[in-house]
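Listed below are the residues making up each chain.
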Amino acid sequence: MTSAPSLDWGIGHYERTAAQLGPVAELLVDHAAPVPGERVVDVGCGTGNAALLAAERGARVTGVDPAARLLEVARKRGGDRTMDIDFAAGDAASLPLADGEADLIMSVFGVIFAPDVQAAAAEMARVAAPGGRIVLSAWLPLGAMSESLRVPREAVARALGAPPAPPPFAWHDADALRRLLGPYGFDVSLEEHQLSFGAPSAREFIEAELENHPMAVAGRAVLEPRGEVDEVNAKMLAILEAANEDPDAFRVTSSYVIATALRP
């Protein structure tokens, strides 16, 4: 039996995914409303979408990510602008900041991938200042996109002989977040939103994901030697085509929440 390795989000071409998620970063930063001089941390900053937006508002921003390549991309994006921003290696369970240093902690689909949820919550609580806030986005585990992504995930687990994974933490659920963050003095509220993904066709969408998305690239490396990629792709294609919202091309819509946790 082989355990699944930690995903390196620097493989593939996450820049494409970051562009797809750009509207979420914009909406999340609007919700978080950083103001000039505030100390902001973007957890799982990737290529810097939300971090750069917060810095443009005058906040003092640190983007944190474990993927060295993505940090370099983020630095280059911010290098020719006059902003108070830096990027540092780290993850949700090990933030390179002092106690109480952050007025605002943001995460656009970043902290939801933390392997140790309790450790991530404790670390965010440690870094958050009195009166600080956490604003994060999380997918709702429903709809065609969620269903289609379950296919390769389960195929990879079988290929590795991994035991059934426990249910992931429900970052999208208000009660679950209150149980997680409430003991640290945070009050949680949620707003639901939607994001559409499109392409000329469902098949082209899948092909682009296989070439670019880090999770798809890592999964393909496991499944290709076993000759399972075509079967997995066919199952995903059937799901996405059945849910297609655009008769002339391809579009599916996924639901997500923006959760705001405030500490008095």
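For the structure itself, consult the block above.
Figured I'd write up the structure that's included with this text.

Calculation rules
- Residues numbered from 1 in each chain as written.
- Predicted model: local features only at pLDDT ≥ 70, side-chain atom pairs only at ≥ 80, totals over all residues.
- Heavy atoms only, no water.
- Helix = DSSP H or I, 4+ residues; strand = E, 2+ residues; numbered from the N terminus.
- Buried < 20%, exposed > 50% of the residue type's maximum accessible area, 1.4 Å probe, protein only.
- Contact = heavy atoms within 4.5 Å.
- Lys, Arg positive; Asp, Glu negative; His and termini not counted.
- Charge placed at Lys NZ, Arg CZ, Asp CG, Glu CD.
- Arc of directions from axis to C-beta.
- Phe/Tyr/Trp six-rings, centres within 6.5 Å; stacked < 30°, edge-to-face > 60°.
- Salt bridge = Lys/Arg side-chain N within 4 Å of Asp/Glu carboxyl O.
- Polar contact = N/O pair within 3.5 Å; in protein donor to acceptor, adjacent residues only side chain to side chain.
- Pairing = 2+ DSSP bridges.
- Axes fitted to C-alpha atoms, helices over the stretch in contact; angles between N-to-C directions.

Quick word on the overall build of the protein
In step 1: What the protein contains, in helices and strands, is ten helices and seven strands.
In step 2: Counting only C-alpha atoms and orienting by the principal axes, one finds that the protein spans roughly 50 × 40 × 30 Å.
In step 3: In the protein, which comprises 264 residues, the proportion classed as buried is 50%.
In step 4: At a minimum sequence separation of 6, the contacts of the protein that also span at least 24 residues come to 79%.
In step 5: Of the charged side chains in the protein, 22 are positive and 37 negative, and the gap between their average positions amounts to 2 Å.

Examining helix 4 (residues 68–78)
In step 1: Residues L70, L71, V73, A74 and G78 constitute the buried set of helix 4. Axial view of helix 4: buried residues confined to an arc of 160°, hence all on one face. Away from its buried face by more than 90 degrees, helix 4 exposes A68 and K76.
In step 2: Turning to helix 4, the residues buried within the fold contact helix 1 (14–20), helix 3 (49–56), strand 2 (60–65) and strand 3 (85–89).

With respect to the packing of aromatic side chains
In step 1: Counted by the stated rule, this structure contains nine aromatic pairs.
In step 2: Relative to W139, the ring of F109 lies with its centre 4.1 Å away and its plane at 0°, an arrangement referred to as stacked. Of the two residues, F109 is situated in the loop between strand 4 (102–108) and helix 5 (117–127) and W139 in strand 5 (residues 128–139); the sequence distance between them amounts to 30 residues.
In step 3: Residue F109 is classed as buried on the basis of its relative accessible area, which comes to 6%.
In step 4: Their ring planes at 75° and their centres at 5.9 Å tell us that W139 and Y256 sit as a pair that is edge-to-face. A residue pair is termed long-range when its members are at least 10 positions apart, and W139 in strand 5 and Y256 in strand 7 (residues 250–262) qualify at 117 residues.
In step 5: An aromatic cluster of three or more residues is present, and its members are F109, W139, F197, F205, F250 and Y256.

What to know about the pattern of salt bridges
In step 1: In the structure shown here, the tally under the stated rule is 15 salt bridges.
In step 2: Salt bridges sharing common partners tie together D99, E123 and R126.

Overview of the side chain of H193
In step 1: Structurally, H193 is set in strand 6 (residues 187–199).
In step 2: Side-chain polar atoms of H193 contact the side chain of E191, separated by 3.4 Å.
In step 3: The residues contacting H193, other than those within four sequence positions of it, are L27, H31, S254, S255, Y256 and I258.

Focus on the sheet that holds strand 1 (residues 39–43)
In step 1: Here seven strands make up an open sheet; going across it, the order is 3-2-1-4-5-7-6 and the pairing mixed. Every interior strand has two partners, whereas the edge strands, strand 3 and strand 6, have only one. Across the sheet, the axes of successive neighbouring strands diverge by a mean angle of 20°, strand direction being ignored.
In step 2: As defined by bridge partners, strand 1 adjoins strand 4 across three bridges and the pair is classed as parallel. Following the sheet pairing, V41 is matched in strand 4 by I105.

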